[in-house]
Amino acid sequence: MDDFETILYDVKDGVATVTLNRPEVHNAFNQQMQKELHAIWRALRREDEVRVVVLTGAGEKAFCAGIDREETMGGWESAEDVGKQRGETGYASATPWHFDDPGENIGPKTNDLWKPIIAAVNGMACAGAFYLLGEVDVIIAAEHATFFDPHVTFGMTACFESIHLLQKMPFHEIMRISLAGAHERMSAARAYDIGFVTEVVQGAELAEAAQRFAAIVASAPATAIQGTVRSLWAARELSRAQALDMAKVIVRLGSDPASLFEGQQRFAKQGRVEWRMR
């Protein structure tokens, strides 16, 4: 992997750890981080040594505060300036039919990465952070983590991020988050109660908890793991009958002879694995 300016990257025992590294702005993503996330998700598709990814933020205050408003909106002096700032693709379009969605850069699934991603949420996660949380596979949170979406409070429609999380939260919960703006924050405990977060731990134990689960995932045959991830994400977009029909193909592809042999050898040598109650 190339050196990054806004991200820390490390690989150990089949687990890649990707850390958003702009703690001075609560790990908000600027255009450089968008480029680097896009590059890392695309590159990880071909890094065969990596079987699972842990995604987190630097520091203890924030996982990610969304888009860097200073970079995106900091130059406005009047309403007439809105939308005129120059971005990576030039000036904003004169019509409403062209829009550069940051999710196209920073979303792992949007970038065709089907290795499982575990988010370790180490504090505040808000606004554009939901692009990332909307496309990870498992979320583990520190007990001081909070979730909110301030868009409407500051004159913006809550849209892309809310749609991502609509697939992971009950309708009324994401509606409340979206309408409350900056006035309410969802606690890690509440996020666990509604099934958005799968585990809540003390802040000091977050990294260990994420790495522990990542090691479990990394220990299984990669083809079977990625086939499982792909099947569940695809099934969310299909009817039950369509998903079950598609499953016949995915099972054949994802249960290749090498994976089956590896699994059988493991069972023969180890027998039943030691398990823990969650």
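Here the structure is shown first, and the text comes after it.
These figures come from a predicted structure and were not determined experimentally.

Calculation notes
- Residues numbered from 1 in each chain as written.
- Predicted model: local features only at pLDDT ≥ 70, side-chain atom pairs only at ≥ 80, totals over all residues.
- Heavy atoms only, no water.
- Pairing = 2+ DSSP bridges.
- Helix = DSSP H or I, 4+ residues; strand = E, 2+ residues; numbered from the N terminus.
- Expected span 1.5 Å × (residues − 1).
- Buried < 20%, exposed > 50% of the residue type's maximum accessible area, 1.4 Å probe, protein only.
- Disulfide = S-S within 2.5 Å.
- Phe/Tyr/Trp six-rings, centres within 6.5 Å; stacked < 30°, edge-to-face > 60°.
- Lys NZ or Arg CZ within 6 Å of the ring centre and 35° of its normal.

**Student:** Explain the sheet that holds strand β6 (residues 124-126) here, please?
**Tutor:** Note on sheets: strands pair through backbone hydrogen bonds, and any given pair is parallel or antiparallel. Sheet architecture is open: four strands sit in the order β4-β6-β8-β9, paired in mixed fashion. Edge positions in the sheet fall to β4 (62-64) and β9 (186-187), since each of these pairs with one other strand and no more. Strand direction decides the pairing type here: β4 and β6, joined by two bridges, are parallel. Bridge assignment links Cys-64 to a residue of β6, and that residue is Ala-125.

**Student:** Before we go on, may I ask you to explain helix α11 (residues 257-270) in this structure?
**Tutor:** Three- or four-residue spacings in an α-helix give side chains the same orientation, since the helix completes a turn every 3.6 residues. Under the 1.5 Å per step criterion, the end-to-end length of α11 is 20 Å for 14 residues, consistent within 8% with the ideal 20 Å. In terms of residue burial, α11 counts as a barely covered element, since only one of its 14 residues are buried.

**Student:** Honestly, the state of the cysteines in this entry has me stumped. Any pointers?
**Tutor:** When the sulfur atoms of two cysteines share a covalent bond, that bond is a disulfide. Counting across every chain of the model gives zero disulfides. Free cysteine Cys-126: the closest other cysteine sulfur is in Cys-64, separated by 7.3 Å. The thiol sulfur of Cys-159 is not disulfide-bonded, and the nearest other cysteine sulfur, from Cys-126, lies at 17 Å.

**Student:** Help me understand the packing of aromatic side chains in this model?
**Tutor:** Geometrically, a pair of aromatic rings is defined through the distance of the ring centres and the angle of the planes. One pass over the full model with this rule turns up two aromatic pairs. An angle of 80 degrees between the planes, with centres 5.5 Å apart, marks the rings of Phe-147 and Phe-196 as edge-to-face. Here Phe-147, found in strand β8 (residues 146-148), pairs with Phe-196, found in the loop between α7 (188-193) and β10 (199-201); they are 49 residues apart in sequence, far enough to count as distant. Taken as a pair, Phe-147 and Phe-196 share a single burial class, namely buried. One residue, Arg-230, lies across the ring of Trp-114, its end atom 4.1 Å from the ring centre. When the ring centre of Trp-233 is taken as origin, the NZ or CZ atom of Arg-236, which lies over that ring, is 4.7 Å away.

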